[in-house]
Amino acid sequence: MIKRIFGSRSARTSPRTRASARHEHFSVEALEARQLFNADLAVRFDTANFQVPAQVVPGDSFNAGILVKNFGPLAANGLVTIEFYASTNSTFDTSDVLMARYANEPIFLSANGINSEGDFADLVRVPAGLEPGQYFILVRILPNSQVNDTNQSNNIAITDTAMNVTWRFGDFAGRNDVRLTLTDGDKRVDFIWAGAGFGTVTKNQDGSFDIVTSGTTADTDISVDVRNGNRLTTIRNVTVNGSLDELWLARATFTGTIHVNGTVRRIDTANVVGSLSSAAGSGALIRIDGQTIETTFSFGQVSNLSIQTASGITALSTSGKWSDNDANPDLISAPFLRSLNIAGNFAAGIRLTASSATGGAPTLGDVQINGQAGTNAWVIAGGAAEIAVASTALTFSASFAGTVNTFRTTSLDLRGTLAAAKFNSIQVARTISKATILAGANLGADGRLGGADANADAFTFGQILGLHVASKVVNSLIAAGLDPVDGVLNNGNDKIKGGNGSKFGPIVIGGPTSANARFFAGKFVNGVMINNRSIIPQNDRRFVLNESAAPTANLVSLVPGFAPTQLQIRYRDNLILNYATFGIDDVKIVGPGGIEIAMSSFVAPNPINGKLKTITYAFAAPGGGNWTPAHNGTYQVVMNTNAVLDMNGNAVAPGILGEFTITL
C-alpha cells in the first residue's frame, strides 16, 4: 500500500496581493542569465519501520518500507516506478532478481524544505525461482520525465544486512506450517506442511526435486501441489527421518526412493516411473521401516517399482497398469496385504511373510486385477481371500502356504503355475491352457516349480473343492495332493499324499478337454461334467486316482489240481486297478532246474478298471505238451516285476505267489 509519497505544493501569491501590485511604480531592469531548476530524488530504506527478515522461503511475502526525499530546488510532481530486487552483492546488476514492481505511483514532493520527503510501503514476495542463499534487498526508483530528476545516481538503495533464503517448509525459525513455493518450468510447485518437523527441498540437474525431513511424527502431513502447465512435477527422492501421517504426491511423478525411517499411514503419487538402468538397485523403491501402523498406497501408472515395508499394507491400488521393463524384478514385500486393486496389467511380484493379517484375516486379502497378472512370482506365507484377475500369463506363478478361498479369471485364460495348500474354488472365464495347478504344494522361496535349498518345493495333502471352467482345459495338469517324487510331474511315478483326503470337489468344464490334460486326486466327489457330459473318472485316462498303496495279488486256484493247465489270481487295490496293465507277462512258472513256463493267454470278466479283479491264465507243460512223469517236481508261481499296476502307477510286489507239485 502507498503510505504517502510527497508533500504539499508551493504557496501561490494571493489575488489581493496581485491587485495591489498593479498600482505600484516599477522600473525595467536588464534580464539576468536564466538558471535551470531540477528535482533530485534520493531513496533509502525506512529502517525505523522495516527490518530485513532473517530467514525466508520462496513464496514468502513481507512489507518493505522506503523513504524518498527530494534534494533538488524544484518540486517533484509526476509518476515514479518502484522496484525491489534480491541481490547477492551490494551493487545493482542484471543478475539481481526482481521481487516486486509498483509502476506509475504518483509523487508530489516539494523542493528542499518541508514536505520534501515521502514514504512508501507494500508487499514484497520472494520469487518461486529464487535459489537458496544470502541476499541483500535492493530498491530502485524510476521517475518519469515530468519529475525532471536529472540526477539518478542516488535512485538506488540496498540494505545493510542480508536475508537468508532457504528451501524449507514446515516448522522452523519460530514459524509453523510454512509453505514453500518453487517453479518447475512453467509450473508453480507448492510444498505444503502440517504438523511437527520440517522439510528441506533440493533441485536435481534433471529438474526433479528431493525432499529430506527432520522431526516428523505420525501426525505430520506432507503434500506437493502443482499449478499451471500440465499440473505435474517430478519428485525423485524423499527421506523421512521420523514418521508421517500422509505423503501426498498426487501431483507428482515419483522416480527414485522414498525411505521412511518410521511409519506412514498413506502414500499417494500420480505416477511411478523407475529408472531403466541395468545397474543393480535401479528402479523406484518405497521403503518403510516402522512396524506399528499399516500403510495405504495409491498410485496412477506404475513402472519399475518395489515396495519394502515392515508393517502390513491396508490397501494398494493403481488407476493404471503396473509394468516391469527394467533389469530388476518389481516386488511388493510386506507381512500382509489386505487389499490389492489394479486397473490394468500387473507385473509386480508379491512376497508376504506373515501366516495371517492382524485379526486373523488372510495374509492376502481381496485382489482385483483388471488386466493380466504375470512376470514376477507371488510367494504368500498364508492364505488368500478372493482373487480376481482378467487373465494370467505363461510366466505367472503363485504359491500360497494356506487356503485360497477363490481364484478366478474374469474374462480370459488361466495359464502359468498356481499352488496352494487348498483351493475352495477355482473359476476360469475361458480356458485353462498350459497351466499347472497344485493343491497341497508349496513352491519354496522363489514361488516357482523346481529349485533347491530355500527354493525347494514341498508336497503334501491338498484339496480343490470346486473347479469351474467356462470353455476347455488344454495341455494342463491339475492335482490335489500330488507328489512328483523325483521332481518331475506326470512321468509315471507320481504319488498322491493323503489318500482319499486329497480330493476334488465338483468339476464342471464347459467345452472339450484335450487328451493331454491330467487331473490327479485321491478321490473325485460330487461329479465331473465335461462338455455337458457326465464323466466317470475311473474310466477316463485324463483322471488319475493316485495314492501310494500298491495293489496285492493272491493265487486262488490251480485247474486241474494234479496237472494244472490254468491258474487264477485275484488282484485287489484300495482304489482302482489299471486294467490296461494285465497281460500274459504278469506271472510265470519256475520249475526244477530253473525251467520257466510262460502264460499263453488270460481271461478277465468285465474288462474295466476296478478295485478287485480275478484273472484266469492258461499255460502248457514244459515243452508245450502235456504233463508226463518226466516233468515230476515242484513248481512255483512267480509274480513278475512291475507287471500289474493300479491307476496311480503302483505295482504289485514281485515274488512267489504259491507252488504246486507234479507226481505222475
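Going along each chain's sequence as written, the residues are numbered from 1 onward. Given that the model is predicted, a residue must reach a pLDDT of at least 70 before its local features are reported, and side-chain atom pairs must reach 80 or more before they are shown or counted; all residues, however, enter totals for whole chains, interfaces and linings. Only hydrogens and water are set aside when side-chain values are computed; all heavy atoms of the structure are taken into account.

1. So, the overall build of the chain
Worth spelling out the cut-off: Secondary structure counts use DSSP, requiring at least four H or I residues in a row for a helix and at least two E residues in a row for a strand, with both numbered from the N terminus. Two things to know: the radius of gyration comes from C-alpha atoms, and the globule rule equals 2.2 Å times the number of residues to the power 0.38. When accessible area is computed with a 1.4 Å probe and restricted to protein chains, residues below 20% of their type maximum are described as buried, those above 50% as exposed, and intermediate ones as partly exposed. Here, residues are in contact when the closest pair of their heavy atoms is within 4.5 Å. Surface accessibility follows the Shrake-Rupley procedure with a 1.4 Å probe radius. Residue values consider only the protein chains on display as shielding. His residues and chain termini do not enter the charge count, which takes Lys and Arg as positive and Asp and Glu as negative. A single reference atom marks each charge: NZ on Lys, CZ on Arg, CG on Asp, CD on Glu.
Each helix and strand counted, the chain has one helix and 59 strands in total. By the compact-globule yardstick of 26 Å for 664 residues, the chain is too spread out, its C-alpha radius of gyration being 46 Å. Dimensions of the chain, computed from the C-alpha atoms along their principal axes, are close to 190 × 40 × 40 Å. Across the 664 residues in the chain, those meeting the buried criterion constitute 49%. A separation threshold of at least 6 residues defines the contact pool for the chain, and within that pool the share at least 24 residues apart is 55%. When the accessible surface of the chain is totalled, it reaches about 29300 Å², and 50% of it is carbon and sulfur. Both charge centroids of the chain, one from 49 positive and one from 51 negative side chains, sit 7 Å from each other.

2. Observations concerning the nonpolar core
Side chains that are nonpolar tend, in soluble globular proteins, to be buried together. In plain terms, the rule: Here the nonpolar core consists of buried residues drawn from Ala, Val, Leu, Ile, Met, Phe, Trp, Tyr and Cys, with membership extended through side-chain atoms lying within 4.5 Å.
In this structure, Phe 191, Leu 316, Trp 378, Phe 400 and Phe 519 are the most contacted members of the largest nonpolar core, which totals 95 residues. At five residues, strand 18 (residues 244–254) tops the list of elements feeding residues into this core. Counting 33 residues, the second largest nonpolar core, distinct from the first, contains Val 43, Ala 100, Val 126 and Val 139.

3. Side note on the environment of Leu 98
Structurally, the position occupied by Leu 98 is in strand 5 (residues 97–109). You can call Leu 98 partly exposed: its relative accessible area is 38%. Setting aside residues up to four positions removed in sequence, Leu 98 forms contacts with Glu 83, Phe 84, Tyr 85 and Pro 127.

4. Here we look at the confidence of the model for the chain
Worth spelling out the cut-off: pLDDT: the predictor's confidence for each residue, scored from 0 to 100.
In the predicted model, the chain carries a mean pLDDT of 91, and the fraction of residues at 70 or more is 93%. Across residues 6–35, where pLDDT falls below 50, the model places 16 contacts with residues more than four positions away in sequence or in other chains.

5. What about the sheet that holds strand 56 (residues 601–603)?
Condition: When DSSP locates at least two bridges between a pair of strands, those strands are taken to pair. Lines fitted to C-alpha atoms define the axes here, with helix axes fitted over just the stretch in contact, and angles between the N-to-C directions of these axes take values from 0 to 180 degrees.
Taking strand neighbours across the sheet as the criterion, the four strands line up as 52-53-57-56 in an open arrangement whose pairing is antiparallel. The outermost strands of the open sheet, each flanked by one partner alone, are strand 52 (552–559) and strand 56. Direction aside, the axes of adjacent strands within the sheet are offset by 25 degrees on average. Direction of pairing for strand 53 (residues 566–577) relative to strand 57 (residues 610–618): antiparallel, over a ladder of eight bridges.

6. Some details on the pairing of strand 14 (residues 198–203)
Pairing of strand 10 (residues 168–172) with strand 14, which is carried by three bridges, proceeds in the antiparallel orientation. Looking at strand 14, one finds that Arg 168 is bridged to Thr 200. Pairing geometry for strand 14 and strand 15 (residues 209–216), over six bridges, is antiparallel. Residue pairing for strand 15: Phe 198 is matched across the bridge by Ser 214. In sequence, strand 14 turns back onto strand 15 through a hairpin of five residues, with Gly 207 there showing a positive phi of about 90 degrees.

7. Topic: the environment of Asp 486
What counts is decided by this rule: Any pair of N or O atoms that falls within 3.5 Å is considered a polar contact. Within protein, one atom must be able to donate a hydrogen and the other to accept it, and sequence-neighbouring residues count only if both atoms are side-chain atoms.
Topologically, Asp 486 is positioned in the loop between strand 43 (482–483) and strand 44 (495–496). Each residue touching Asp 486, except ones within four places of it in the same chain, is listed here: Asn 491 and Asn 493. Engagement of the side chain of Asp 486 in a polar contact is seen with the backbone nitrogen of Val 488, the distance being 3.0 Å. Within the structure, the side chain of Asp 486 is placed 2.7 Å from the side chain of Asn 491, a separation counted as a polar contact.

8. Considering the sheet that holds strand 3 (residues 61–70)
If you walk across this open sheet you meet the three strands as 1-3-6, and the pairing is antiparallel. If you trace the sheet from one side to the other, it starts and ends with strand 1 (41–45) and strand 6 (117–125), each paired once. Strand-to-strand twist across the sheet, computed as the mean angle between neighbouring axes with direction ignored, equals 30 degrees. Note that strand 1 and strand 3 share five bridges and pair antiparallel. Paired with Phe 45 across the two strands is Ile 66, which belongs to strand 3.

9. Describing the pattern of salt bridges
Our working rule: Within this document, salt bridges are pairs made up of a side-chain nitrogen of Lys or Arg and a carboxyl oxygen of Asp or Glu, the two lying within 4 Å of each other.
Applying the stated criterion across every chain, the model contains 20 salt bridges. Notably, a salt bridge pairs Glu 117 with Arg 44, separated by 3.3 Å at the nearest N-O pair. Of this pair, Glu 117 sits in strand 6 while Arg 44 sits in strand 1, placing them 73 residues apart in sequence. When its relative accessible area of 26% is taken as the criterion, Glu 117 is described as partly exposed. One salt bridge connects Arg 430 with Asp 413, and the closest N-O pair in it is separated by 2.9 Å. Taken together, the residues span a long stretch of sequence, with Arg 430 in the loop between strand 35 (426–428) and strand 36 (432–439) and Asp 413 in the loop between strand 33 (397–409) and strand 34 (414–423) at a distance of 17 residues. Within the structure, one salt-bridge network assembled from shared partners comprises Asp 225, Arg 227, Arg 231 and Arg 251.

10. Notes on the environment of Met 647
Structurally, Met 647 is set in the loop between strand 58 (633–639) and strand 59 (655–662). Ignoring sequence-local partners within four residues, the contact set of Met 647 consists of Arg 541, Phe 543, Val 544, Leu 545, Ile 576, Leu 577, Asn 578 and Asn 609.

11. Details of the packing of aromatic side chains
Our working definition: Only rings of Phe, Tyr and Trp enter the pairing, Trp through its six-membered ring, and a pair is recorded when the two centres are within 6.5 Å. The plane angle decides the type: under 30 degrees is stacked, over 60 is edge-to-face, the rest tilted. Criterion for a charge above a ring: Arg CZ or Lys NZ at most 6 Å from the ring centre, at most 35 degrees from the ring normal.
In total, this model carries 24 aromatic pairs according to the counting rule given. Centre to centre, the rings of Phe 396 and Phe 407 are 6.1 Å apart; their planes meet at 40 degrees, and the pair counts as tilted. Of the two residues, Phe 396 sits in the loop between strand 32 (384–392) and strand 33 while Phe 407 sits in strand 33, which places them eleven residues apart along the sequence. In this structure, Phe 396 and Phe 407 share a single accessibility class: buried. Ring centres of Tyr 571 and Phe 582 lie 5.1 Å apart, and the angle between their planes is 55 degrees; this geometry places the pair in the tilted category. With Tyr 571 in strand 53 and Phe 582 in the loop between strand 53 and strand 54 (587–590), the pair connects residues that are eleven residues apart, well separated along the chain. A relative accessible area of 0% means that Tyr 571 is categorised as buried. Within the aromatic cluster, the residues linked to one another by ring pairs are Phe 297, Phe 299, Trp 322, Phe 346, Trp 378, Phe 396 and Phe 407. Its end group placed over the ring of Phe 71, Lys 69 keeps NZ or CZ at 5.6 Å from the ring centre. If you follow Arg 168 out to its NZ or CZ, it ends over the ring of Phe 172, 5.9 Å from the centre.

12. Here's the deal with the pairing of strand 4 (residues 76–87)
The buried fraction of strand 4 is high, at ten of twelve residues. When strand 4 meets strand 5, the two strands line up antiparallel, connected through ten bridges. Paired with Gly 78 across the bridge in strand 5 is Ile 107. By the bridge criterion, eight bridges tie strand 4 to strand 7 (residues 133–143) in an arrangement that is antiparallel.

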